[in-house]
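This is what each chain is made of:
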Amino acid sequence: MLEISAVTARRYVMGRGGLWPGRRWRGLAGTGTSMRAMEDLQLDPLVVVARAHDLALHSRVADYTIDDWATLTYERREFFDWGGWLAVRPMEELPYFRVLMRREREQARWIEIEREHHEAIEEMRAVLRAGREVSNRDFAMRDRTRIDSYRGRKDSALALHYLWRVGEAMVTRRERFERVYALTEAVAPPEALREVDPEEADEMLLRKQIAADGLTRLPGLTGLLRRPVPAAELAERRARWLAAGDAIEVRVEGWRATQLAVGADSARIEALEGGEIPQDWAPLATTTDEEAVFLSPLDPVSARGRAKPLFGFDYVWEVYKPVELRSFGYYTMPILWGDRLVGRFDPKLDRSSGTLVINGLWLEDRALARDVAFGEALERGMARFVQLLGAGRVDATAVSPTALRRRLTGSRDRPRRRVTNGRLPAAKQREAVR
């Protein structure tokens, strides 16, 4: 068993996923490598500044351009998207996920949907088998049966979604992020349609989850495998992985539970504990010490409660909270500097004027606002962020002190107007930096 510090733990988790010690990939090929390093690229349709998956890749790929992930997925067919927890995975993993798709067909809710909407499903199945590529928009409401489902208001929408979830259809492209479906055999290459044994699939998917988490206790396996996973089964697998060196146990300073990590990373983790940085993690240019990085709200190192154990940083994506219950802002993004999350900011892109509006910025340590090195890193990070978004101007009127505001705008000019859009009520609004 390895025993490591909390610092090593977060460096390892970030580094394995390509986030630390700086951007080490570029171009479409580098974007593909980054997506594979992350294991699962979660997709989200919401656009406030950019979609969350584009922001996640921007923090890892030096010259990332919006929708590069889609080029790799839908044009080059190197990846596919699927799942109730919607994510993109490498196309070569499709055979294993098709086992999950078949299991979904056998779940009670999908059996019920198939029974209640059998005719619509048969109709959409025939459309796809005829070679058509279709989206929900191709079917007029007046011609469909209205339904009450979070998947759509038309029976055609639910039928197409059903066929996608059980593996008969795939997303061949997206139009304004809406799925366009085609028959699976028309999208996936023949080698991705090979049959695999369910046990082989389970083994691969569990080990993939260890790699995705970096350090994990493997929670939620019933949801992952779409079947019950008895404790005895997990214990047997764990013992086998440890004996074969496929996984290692790691005890992290300050963490209660022993974690699992990829066995092949043992030497890498030991090197990190000794203060070394793996050669293949070397950044192409700036490090995260030299340039702050703004994390996607759905970044796997900080989303869904991970920011607290890894960074001691309380982070909740407040986009679905009523405004009066928000502690910070609508689309708050964590700020990574070095190997720590040192603050957060709430951005919004005003596309009509090409202005990136910063509705607030909050630092964990107020003294950081006067730190020259941090100020320079923040300015570099914001310059790259603005370039990604294509914004012509940054409005940081809501941010204080003045020196920090100037770093964000890259200018010593006084901001020309005050922005209140998206600010919290006075009783709830924190000062931008205290």
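Model, not experiment: these values are computed from the prediction.

**Q** Summarise the overall build of the protein chain; cite the residues concerned and give the values.
**A** When helices and strands are tallied, the protein chain shows 16 helices and 15 strands. Computed over C-alpha atoms, the radius of gyration of the protein chain comes to 23 Å, within 12% of the 22 Å expected from 2.2 N^0.38 for 434 residues, which places it in the range of a compact globule. Judged by the C-alpha coordinates and their principal axes, the protein chain covers about 65 × 60 × 40 Å. Within the protein chain, buried positions represent 55% of all 434 residues. Residue pairs at least 24 apart in sequence account for 63% of intrachain contacts in the protein chain once pairs closer than 6 positions are excluded. When the accessible area of the protein chain is evaluated, it comes to approximately 19700 Å², of which 48% is carbon and sulfur surface. Of the side chains in the protein chain, 71 bear a positive and 66 a negative charge, and the two mean positions are spaced by 6 Å.

**Q** Tell me what's going on with the environment of Phe177, and back it up with residues and numbers.
**A** Structurally, Phe177 is set in the loop between β7 (169-175) and β8 (178-183). Sequence-wise, Phe177 and Leu46 are 131 residues apart; in three dimensions their C-alpha atoms are separated by 9.7 Å. Contact partners of Phe177, with chain neighbours within four places excluded, come to Leu43, Asp44, Pro45, Arg51, His53 and Trp69.

**Q** Describe the sheet that holds strand β9 (residues 247-252), listing the residues and the values that go with them.
**A** Taken in spatial order, the three strands line up as β1-β9-β10 in an open sheet, and their pairing is mixed. Each end of this open sheet is capped by a strand with a single partner; those strands are β1 (2-4) and β10 (259-262). Ignoring strand direction, the axes of neighbouring strands in this sheet form an average angle of 40 degrees. Pairing analysis gives four bridges linking β9 to β10, with the strands arranged antiparallel. Each bridged residue has a counterpart across the sheet, and for Glu249 the counterpart in β10 is Leu260. Across the sheet, helix α13 (residues 266-273) lies against β1, β9 and β10, angled at about 35 degrees from β1, the strand it touches most.

**Q** Now, about the packing of helix α7 (residues 118-129) against helix α8 (residues 155-165): what can you tell me, with residues and values included?
**A** Their axes nearest at 8 Å, the elements α7 and α8 cross at an angle of 65 degrees. The angle between the axes of α7 and α8 places the two elements in the roughly perpendicular class. When you trace α7 past α8, the crossing you get is right-handed. Facing α7, whose interface residues are Ala120, Ile121, Met124, Arg125 and Leu128, α8 presents Asp155, Ser156, Ala159, Leu160, Tyr162 and Leu163. The residue inventory of the contact of α7 with α8, partitioned by class, reads eight nonpolar, one polar and two charged.

**Q** Tell me about the sheet that holds strand β3 (residues 79-82), and name the residues and values.
**A** Judged by pairing direction, the sheet is antiparallel, and its three strands sit side by side in the order β2-β4-β3 without closing on themselves. With partners counted over all chains shown, the strands left at the sheet margins are β2 (41-42) and β3, one partner each. Here β2 pairs with strand β4 (residues 87-90) via two bridges, running antiparallel. Each residue of the ladder has a partner; that of Leu41, found in β4, is Val88. Each of β2, β3 and β4 is contacted by helix α2 (residues 27-38), which is oriented at about 45 degrees to β3, the strand it contacts most. Across the sheet, helix α4 (residues 68-75) lies against β2, β3 and β4, angled at about 95 degrees from β3, the strand it touches most.

**Q** Provide a residue-level description of the nonpolar core, including the pertinent values.
**A** Formed by 131 residues in total, the largest nonpolar core has its most connected members in Trp69, Leu356, Met382 and Phe385. Looking at which element gives the most residues to this core, the answer is helix α15 (residues 372-389), with eight residues. Apart from residues no more than four positions distant in its own chain, Trp69 is found in contact with Thr31, Met35, Leu41, Leu43, His53, Asp54, Leu57, Tyr64, Tyr74, Val88, Arg174 and Phe177.

**Q** Got a sec to walk through the environment of Arg10? Specific residues and values, please.
**A** Here Arg10 lies in helix α1 (residues 6-16). On the accessibility criterion, Arg10 (12% relative accessible area) is buried. When the C-alpha positions of Arg10 and Asp339 are compared, they lie 7.4 Å apart, and in sequence the two are 329 residues distant. Setting aside anything within four residues of it in sequence, one finds Arg10 in contact with Leu310, Phe311, Asp339 and Arg340. A polar contact is formed between the side chain of Arg10 and the backbone oxygen of Asp339, at a distance of 2.7 Å.

**Q** An account of the pairing of strand β13 (residues 340-350) is requested, with residue identities and associated values reported.
**A** Of all eleven residues in β13, eight are buried, a share of seventy percent or more. Where strand β12 (residues 333-337) hands over to β13, the hairpin turn is made up of two residues, of which Gly338 adopts a positive phi near 65 degrees. Sheet topology note: the β13/strand β14 (residues 355-363) ladder contains seven bridges and is antiparallel. Counterpart to Arg344 in the pairing with β14 is Trp362. Where β13 folds back on β14, the antiparallel hairpin that results is connected by four residues, among which Gly354 adopts a positive phi of roughly 65 degrees.

The rules behind these values
Residues numbered from 1 in each chain as written. Predicted model: local features only at pLDDT ≥ 70, side-chain atom pairs only at ≥ 80, totals over all residues. Heavy atoms only, no water. Helix = DSSP H or I, 4+ residues; strand = E, 2+ residues; numbered from the N terminus. Rg over C-alpha atoms; globule rule 2.2 N^0.38 Å. Buried < 20%, exposed > 50% of the residue type's maximum accessible area, 1.4 Å probe, protein only. Contact = heavy atoms within 4.5 Å. Areas by Shrake-Rupley, 256 points an atom, 1.4 Å probe, with all protein chains shown as cover. Lys, Arg positive; Asp, Glu negative; His and termini not counted. Charge placed at Lys NZ, Arg CZ, Asp CG, Glu CD. Pairing = 2+ DSSP bridges. Axes fitted to C-alpha atoms, helices over the stretch in contact; angles between N-to-C directions. Parallel < 35°, antiparallel > 145°, perpendicular 65-115°, else oblique. Left-handed = near helix turned anticlockwise from the far one by under 90°. Nonpolar A, V, L, I, M, F, W, Y, C, P; charged D, E, K, R; others polar. Core = buried A, V, L, I, M, F, W, Y, C linked by side-chain atoms within 4.5 Å. Polar contact = N/O pair within 3.5 Å; in protein donor to acceptor, adjacent residues only side chain to side chain.

Keep in mind these values describe shape, not function.
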